[in-house]
Amino acid sequence: MKLALHYREIEGKSTGFWILLGGLGLLIGLAMGSVLHMEHAGHHVTGMNNQIVWGLPHVFAIFLIVAASGALNVASIGTVFGRSLYKPLARLSGLLAIALLLGGLLVLVLDLGHPDRLIIAMTYYNFKSIFAWNIILYNGFLVLTIVYIWFMMERKMNRYYRTAGFFAFIWRLILTTGTGSIFGFLVAREAYDAALLAPMFVIMSFSFGLAAFILVLMAAYNWTQRPLGDLILFRLKNLLGVFVASVLYFVVVYHLTNLYATEHHAVERFILLEGGIFTGLFWIVQIGLGSLLPLAMLYHPTIGKSRPAIATAAALVIIGGFAQLYVLLIGGQAYPLEMFPGYEVSSSFFDGVVSSYSPSIWEIALGVGGVAIALLIVIIAIRVLRFLPETLEDEVVDPHAAAKVG
Amino acid sequence: MSNDVSNQMNTSRRTFLAKAGTTAGAAVVAPGVFLTTPAAARPADEPVDIERRWGILIDTAKCDDCSDCVTACETENGWGSANPVEEESSPEQQAQWIRKVGLKNKSTGHVLSLPLMCQHCETAPCVDVCPTGASFKRADGIVLVDKHICIGCRYCMMACPYKARSFIHETLTDQKPWAPRGKGTVESCTMCVHRVDEGKTPACVEACTAENHNAMFFGDLNDETSVISQELEKHGGEQIRADLQLNTGVRYRGI
């Protein structure tokens, strides 16, 4: 019997569904409370200061934004590169991209010193600022992806969806380049100021976005008891392995380049050897747990075929991604600015001193709230609209391949 | 049959959307986060003389351990010890417009001290990165923050090679009318723009001269006859992080 592809809303009536929704709502409530507290009292209640200017909220925000553009990749592979296997996943891919981006942007905006001035950010543009460009890139990404999903879902517009998908793909590449450039353009700080950061952020987005997609896909199909075939899942996990290895390659090149240039030796020594928490996060979490371990798990002949192992590997990639951004963002700021080469520096403003940072509960709640809002958007959307195929059995995903295997 | 199921689904969807919408609406509106009135528009710029480029020259040979320039700035602009309202903030969070930096040469052991503040770069990284244009450079070279359109993103602080800028972490009161400091915005040395526009010198320079240290010179870098230009011509002056080629308005001698 030939199975056809049918999209259908999830039922969303179970107790588990409402508990999940309530739990996410609670996290979002805590985040909103934190925002009110931070904005009312001022940022003195946070761990951020005039030395560590961007803190945990920015790690969360940038992770979510980077993962958002990466989450769209699954749809792009189907639409732009014509891999029919991925097409049934395109709607969810677009949805997750929108949800993650909204979550990230909310965290970013709500951490501003003046979130009430959002209208100013939308109306006053300094076009030399990559930040200003990013505001346009984020909004454009949301609009393009919504149109893309609409064209996929609306039969009358179906013939245009390839064009929409193509533009969304190009746009997302520019968007992540823009996000990477936020740091790449910072000439002042030793750890940033590298053109390599832009392509590195693009490849990071591939990895983080796909890891998030795999987890959401597995959870959605598992919790709704819909069949998810090995064919598609194994294809995705192999792809994740390629992306994780690519990120690792960029990280190696980034550090080797810095190690070659004498002027960057000190900051490399800091991150790789003497940076305390940052060194630990780099080697143990980013490289060990977040890159090498998931690579080994994903490509292991037996473990690589176990679903819990695939889910664990995807989760590890996400944890490693957070660590990577934490080391880059916070570590890059903790290392003192090199203003007077060859001098020992001291001042009342902590010049020449490695700055320390410990995030407050408010910042943690805000960041987690961003993740919760992204997940809530996904859950509500798949509850009310037809994003998920009723089944992703091998016969539905790719009848020919399934027949051959059978 | 399939219609029935579809209808059921639609009814259930409507109920769900209505419930979810009400809850979400209440959650968004209740805290008032999105309902705040937008701030006033940017005021018209006052015309400044574009022929001038204001600058400060600091002679580190004459600069000792004193901090008269810092105290004068605090008093003039109402920050730090002069206006102890930042008591909620930690020392790492408190604003510093100007600070004394102690330097010791690692190979020779030579010790020197200098004041460090906004360097008023010609191509200021803070101005380049500011998304709204709140960070701006006046035609006469003074770099300022427009507090009306600063959204508090702190990207300028990430971009500044001199750590010259501070973010305000708490509510402030009793500000000076010419230094409107405020929670959630970024601020830095204004080169005492209010005094300069009245034909006076910045408070730090005035204090340094008054105490007879004479380590600081203020003037027009474009005017060949000004004291600062003549001092620079005679003895030269370096920029901190000259490698970045920012063409700073603040120059140092003896670094």
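Rules behind the numbers
- Residues numbered from 1 in each chain as written.
- Chains lettered and ligands numbered in written order.
- Predicted model: local features only at pLDDT ≥ 70, side-chain atom pairs only at ≥ 80, totals over all residues.
- Helix = DSSP H or I, 4+ residues; strand = E, 2+ residues; numbered from the N terminus.
- Contact = placed C-beta atoms within 7 Å.
- Rg over C-alpha atoms; globule rule 2.2 N^0.38 Å.
- Buried ≥ 20, exposed ≤ 12 C-beta atoms within 10 Å, placed from the backbone.
- Pairing = 2+ DSSP bridges.
- Axes fitted to C-alpha atoms, helices over the stretch in contact; angles between N-to-C directions.
- Core = buried A, V, L, I, M, F, W, Y, C linked by C-beta atoms within 7 Å.
- Parallel < 35°, antiparallel > 145°, perpendicular 65-115°, else oblique.
- Left-handed = near helix turned anticlockwise from the far one by under 90°.
- Nonpolar A, V, L, I, M, F, W, Y, C, P; charged D, E, K, R; others polar.
- Expected span 1.5 Å × (residues − 1).
- pLDDT = per-residue confidence, 0-100.

Engineer: How should I be thinking about the overall build of chain B in this particular structure?
Structural biologist: Counting its secondary structure elements, chain B contains seven helices and nine strands. Nonlocal contacts in chain B, meaning residues at least 24 apart in sequence, comprise 62% of its contacts between residues at least 6 apart.

Engineer: Which parts of the structure should I look at to understand the overall build of chain A?
Structural biologist: Each helix and strand counted, chain A has 15 helices and three strands in total. Relative to a compact globule of 406 residues, whose C-alpha radius of gyration would be 22 Å, chain A shows 22 Å and is just as compact. Dimensions of chain A, computed from C-alpha atoms along their principal axes, come out at roughly 80 × 45 × 40 Å. Counting only residues that meet the buried cut, chain A has 52% of its 406 residues in that class. For chain A, restricting intrachain contacts to residue pairs at least 6 apart in sequence, the fraction spanning at least 24 positions comes to 77%.

Engineer: Would you take a moment to explain unusual backbone geometry for this structure?
Structural biologist: Working note: non-glycine residues mostly have negative phi, and peptide bonds are mostly trans. Residues and elements named next belong to chain B. In this model, Arg241 sits at a positive phi of 55°, which is unusual for a non-glycine residue. By the C-beta count within 10 Å, which is 19 here, Arg241 ends up partly exposed. If you check the backbone angles, Asn247 has positive phi at about 50° while not being a glycine. Note on placement: Asn247 falls in the loop between helix 7 (227-235) and strand 9 (250-253). Residue classification places Asn247 among the partly exposed residues on the basis of 16 C-beta atoms within 10 Å.

Engineer: It is not clear to me how the sheet that holds strand 9 of chain B should be interpreted in this structure. Could you clarify?
Structural biologist: Note on sheets: strands pair through backbone hydrogen bonds, and any given pair is parallel or antiparallel. Residues and elements named next belong to chain B. With mixed pairing, the three strands of this open sheet are ordered in space as 8-1-9. A single partner strand is all that each edge strand has here, and the edge strands are strand 8 (216-220) and strand 9. For this sheet, the mean angle separating the axes of adjacent strands, direction not counted, is 20°. Looking at chain direction, strand 1 (residues 54-59) and strand 8 are connected through five bridges and run antiparallel. Residue pairing for strand 8: Trp54 is matched across the bridge by Asp220. Relative to strand 8, helix 7 is tilted by about 115°, and along the sheet it contacts strand 1, strand 8 and strand 9.

Engineer: I'm lost on the nonpolar core in this one. Help?
Structural biologist: Side chains of a nonpolar character, in soluble globular proteins, are inclined to be buried together. In terms of nonpolar packing, the biggest core is built from 202 residues, with Leu64(A), Leu96(A) and Leu100(A) touching the most fellow members. Apart from the residues lying within four places of it in its own chain, the contact partners of Leu64(A) are Leu100(A), Gly103(A), Gly104(A), Val107(A), Gly370(A), Val371(A) and Ala374(A).

Engineer: I would appreciate a short explanation of the packing of helix 7 (residues 161-184) of chain A against helix 8 (residues 197-223) of chain A in the present structure.
Structural biologist: The relative placement of two packed helices comes down to the angle between their axes together with the axis-to-axis distance. Residue and element names in this part refer to chain A. Relative to each other, helix 7 and helix 8 sit at 130°, their axes nearing to 7 Å. In terms of their interaxial angle, helix 7 and helix 8 are classed as oblique. Crossing angle aside, the handedness with which helix 7 passes helix 8 is right-handed. From helix 7, Leu173, Thr176, Thr177, Thr179, Gly180, Ser181, Phe183 and Gly184 reach across to helix 8, where they touch Leu197, Ala198, Met200, Phe201, Val202 and Ser205. Looking at the contact of helix 7 with helix 8 residue by residue, the classes come out as seven nonpolar, seven polar and no charged.

Engineer: Which parts of the structure should I look at to understand the interface of chain A and chain B?
Structural biologist: Between chain A and chain B, the residue contacts involve 49 residues of the former and 58 residues of the latter. Secondary structure elements with two or more residues in the side of chain A that touches chain B: helix 1 (15-41), helix 5 (118-123), helix 6 (130-153), strand 2 (343-347) and helix 13 (361-384) of chain A. The dominant element in the side of chain A that touches chain B, judged by the number of residues it contributes, is strand 2 of chain A, at five residues. The class makeup of the residues in the side of chain A that touches chain B is 27 nonpolar, 15 polar and seven charged. Pairing analysis gives five bridges linking strand 2 of chain A to strand 2 (residues 98-105) of chain B, with the strands arranged antiparallel.

Engineer: Would you mind going over helix 9 (residues 230-260) of chain A with me for this structure?
Structural biologist: One turn of an α-helix holds 3.6 residues; hence residues three or four places apart share an orientation. All names here are of chain A. In a regular helix each residue adds 1.5 Å, so 31 residues correspond to 45 Å; helix 9 covers 45 Å between its end C-alpha atoms and thus fits that length. Of all the positions in helix 9, only Ile232, Leu233, Leu236, Lys237, Leu240, Gly241, Phe243, Val244, Val247 and Val251 are classed as buried. Turning to helix 9, the residues buried within the fold contact helix 8, helix 11 (277-299), helix 12 (307-334) and helix 14 (394-397).

Engineer: I tried to follow the sheet that holds strand 2 of chain A on my own but got confused; where do I start?
Structural biologist: If you trace the three strands from one edge of the open sheet to the other, you get 2(A)-2(B)-3(B), paired in antiparallel fashion. Strand pairing shows two members of the sheet lacking a second neighbour, strand 2 of chain A together with strand 3 (111-117) of chain B, which therefore form its edges. The sheet shows a mean angle of 30° between the axes of neighbouring strands, direction not considered. Across the sheet, helix 2 (residues 68-77) of chain B touches strand 2 and strand 3 of chain B, and the angle it forms with strand 2 of chain B is around 160°.

Engineer: What should I look at first to understand the confidence of the model for chain B in this one?
Structural biologist: Regions with low pLDDT should not have their predicted coordinates read in detail. All names here are of chain B. Chain-level pLDDT for chain B is 87 on average; 82% of the residues reach the 70-or-more range. Per-element averaging of pLDDT across chain B places helix 1 (residues 2-29) at the bottom with 58 and strand 7 (residues 186-187) at the top with 98. This complex was scored by the predictor with a pTM of 0.90 and an ipTM of 0.92.

Engineer: Quick question: what am I supposed to make of the packing of helix 4 (residues 90-110) of chain A against helix 8 of chain A here?
Structural biologist: Residues and elements named next belong to chain A. Between helix 4 and helix 8, the shortest axis-to-axis distance is 11 Å and the interhelical angle comes to 115°. By the angle between their directions, the pair helix 4 and helix 8 is classed as roughly perpendicular. For the crossing formed where helix 4 meets helix 8, the hand is right-handed. For the pair helix 4 and helix 8, the contacting residues are Leu92, Ser93, Leu96 and Leu100 in the first and Ala212, Phe213, Val216 and Leu217 in the second.

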